[in-house]
Amino acid sequence: MPRLKATPRPTLPAVLLTGFDPFGGDAVNPSWLAVQALHGRRILGHRIIAARLPTVFGDSLIALRALLREHRPALVICVGQAGGRTALSMERVAINVDDARIPDNAARQPIDAPVVPGAPAAYFSTLPIKAMHAALQRAGIPGEVSQTAGTFVCNHVFFGLMHLLATQRGMRKVRGGFVHVPWLPEQGVPSLPLAVITEGLAIAVRAALRQTSGDQALGAGATH
Ligand code: PCA
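Residues numbered from 1 in each chain as written. Predicted model: local features only at pLDDT ≥ 70, side-chain atom pairs only at ≥ 80, totals over all residues. Heavy atoms only, no water.

Participant: Can you walk me through the packing of aromatic side chains in this structure?
Facilitator: How two aromatic rings sit relative to each other is given by the distance of their centres and the angle of their planes. Applying the stated criterion across every chain yields a total of four aromatic pairs. Consider the rings of Tyr123 and Phe159, whose centres lie 5.1 Å apart with planes at 50°: the pair is tilted. In this pair, Tyr123 is assigned in strand S7 (residues 122-124) and Phe159 in helix H4 (residues 153-167), connecting sequence segments 36 residues apart. The class of Phe159 is buried, set by a relative accessible area of 0%. Three or more aromatic residues joined by ring pairs make a cluster, and in this case those are Phe23, Phe57 and Phe152. (Phe/Tyr/Trp six-rings, centres within 6.5 Å; stacked < 30°, edge-to-face > 60°. Helix = DSSP H or I, 4+ residues; strand = E, 2+ residues; numbered from the N terminus. Buried < 20%, exposed > 50% of the residue type's maximum accessible area, 1.4 Å probe, protein only.)

This is the structure we're talking about:
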């Protein structure tokens, strides 16, 4: 009898979720705790890979670039903490500027410097932010579309991600974007429990995978 060769298990396409180290004096960062809780989960035929980025200008993007090369994900959602916000915020646009009101975790505090010199002024998220927003609404989880990711390390990573996806060979079909999440109850008010943030992110990933191109036309703009 010929020996049967073991059939290699086909690897599922990956979804990369990143969170950040705590920063600004906080002991925890809900973005990392939530994506860590999703590591290894399977969603619509994809496996979730979670990774933590340093809250440091420059170093965060070096780490992100290595993760993209290593995992070749089909979808990338970078997640960060936005203290003061009440809902999971699907960010619409990344801008090409670093303007830090507080120092990062390496005491770097760039003022009005480009994230990538010579790159475009901005990139839109290529995630279906309206479909993700609608899915959160259906699940009763607070969600919103946000028109600014700020000018600190989160926007830096969001812009760097979108620039890499737009310019690196083999990455043009990879969709990506950024979601900000509120504080945890122990960090202050307003807040959401970790379980709600985690489930909200899982729902957002599922919605993004289901909406394979374009987005739903739903009003979620801001007057101011
Ligand atoms: N939030 C910060 C950086 C890291 C994080 O979790 C921001 O919104 O820029």
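From this point, the discussion proceeds with the structure in view.
Participant: Looking at this model, I keep getting lost on the site of the ligand. Mind explaining?
Facilitator: Taken together, Phe20, Phe23, Asn29, Thr55, Gly80, Gln81, Phe152, Val153, Cys154 and His180 make up the full set of residues adjacent to the ligand. Within the backbone of Val153, an N or O atom sits 3.4 Å from an oxygen atom of the ligand. One of the backbone nitrogen or oxygen atoms of Cys154 is found 2.9 Å away from an oxygen atom of the ligand. Taking 270 Å² as the accessible area of the ligand by itself, protein coverage stands at 94%. For the shell around the ligand, the elements supplying multiple residues, two or more each, are strand S4 (75-81) and H4. Split into classes, the residues belonging to the shell around the ligand amount to five nonpolar, five polar and no charged. (Near = heavy atom within 4 Å. Polar contact = N/O pair within 3.5 Å; in protein donor to acceptor, adjacent residues only side chain to side chain. Areas by Shrake-Rupley, 256 points an atom, 1.4 Å probe, with all protein chains shown as cover. Nonpolar A, V, L, I, M, F, W, Y, C, P; charged D, E, K, R; others polar.)

Participant: Teacher, can you tell me more about the pattern of salt bridges here?
Facilitator: Pairing between side chains of opposite charge can happen when the charged atoms of each approach one another. Counted under the stated rule, the structure contains four salt bridges. Asp59 is the partner of Arg108 in a salt bridge, and the nearest nitrogen-oxygen pair spans 3.1 Å. Of this pair, Arg108 sits in the loop between strand S6 (93-95) and S7 while Asp59 sits in helix H2 (residues 59-71); the two residues are 49 residues apart in sequence, bridging distant segments of the chain. Put simply, Glu91 and Arg85 hold a salt bridge, and the shortest N to O gap is 2.7 Å. (Salt bridge = Lys/Arg side-chain N within 4 Å of Asp/Glu carboxyl O.)

Participant: Please clarify how unusual backbone geometry should be interpreted in this entry.
Facilitator: Across the chain, the bulk of peptide bonds are trans and the bulk of non-glycine residues have phi less than zero. Val189 connects to Pro190 through a cis peptide bond whose omega is 0°. Locating Pro190 in the fold gives a position in the loop between strand S9 (175-181) and helix H5 (194-210).

Participant: Any chance you could explain helix H3 (residues 129-139) here in plain terms?
Facilitator: Every α-helix winds through 3.6 residues per turn, so residues three or four apart in the chain are directed the same way. The buried count for H3 comes to eight of 11 residues, which makes it a mostly enclosed element. Where H3 is concerned, the buried positions are Ile129, Lys130, Ala131, Met132, His133, Ala134, Ala135 and Leu136. Packed against the buried residues of H3 are S4, strand S5 (88-91), strand S8 (143-146), S9 and H5. Directly after H3, the chain includes Gly140, whose backbone phi takes a positive value near 75°. (Contact = heavy atoms within 4.5 Å.)

Participant: Just to check I follow, could you spell out the nonpolar core for this structure?
Facilitator: Across soluble globular proteins, you tend to see nonpolar side chains buried next to one another. Ranked by size, the top nonpolar core spans 35 residues in total, and within it Leu17, Ile77, Leu88, Met132, Val179, Leu201 and Val205 carry the most contacts. Elements supplying a minimum of two residues to this core: strand S1 (14-20), helix H1 (30-38), strand S3 (46-53), S4, S5, H3, S9 and H5. For this core, the element with the highest residue contribution is H5, accounting for nine residues. If near-sequence neighbours (up to four positions away) are discounted, Val205 is found in contact with Val15, Leu17, Ile43, Ile48 and Ile77. In terms of nonpolar packing, the next biggest core, distinct from the first, is built from 33 residues, Leu61, Ala119, Val153 and Val174 among them. (Core = buried A, V, L, I, M, F, W, Y, C linked by side-chain atoms within 4.5 Å.)

Participant: I keep staring at the sheet that holds S3 and nothing clicks. Help me out?
Facilitator: Where strands meet in a sheet, backbone hydrogen bonds hold them as pairs that are either parallel or antiparallel. With mixed pairing, the seven strands of this open sheet are ordered in space as S2-S3-S1-S4-S9-S5-S8. The two strands at the open ends of the sheet, each matched to only one other strand, are strand S2 (42-43) and S8. Of the strand pairs in this sheet, S4 and S9 are connected by seven bridges, and their pairing is parallel. Bridge pairing in S9 links Leu75 to Arg175. Together, S1, S3, S4 and S9 form the strand contacts of H1, whose direction differs from that of S1 by roughly 150°. (Pairing = 2+ DSSP bridges. Axes fitted to C-alpha atoms, helices over the stretch in contact; angles between N-to-C directions.)

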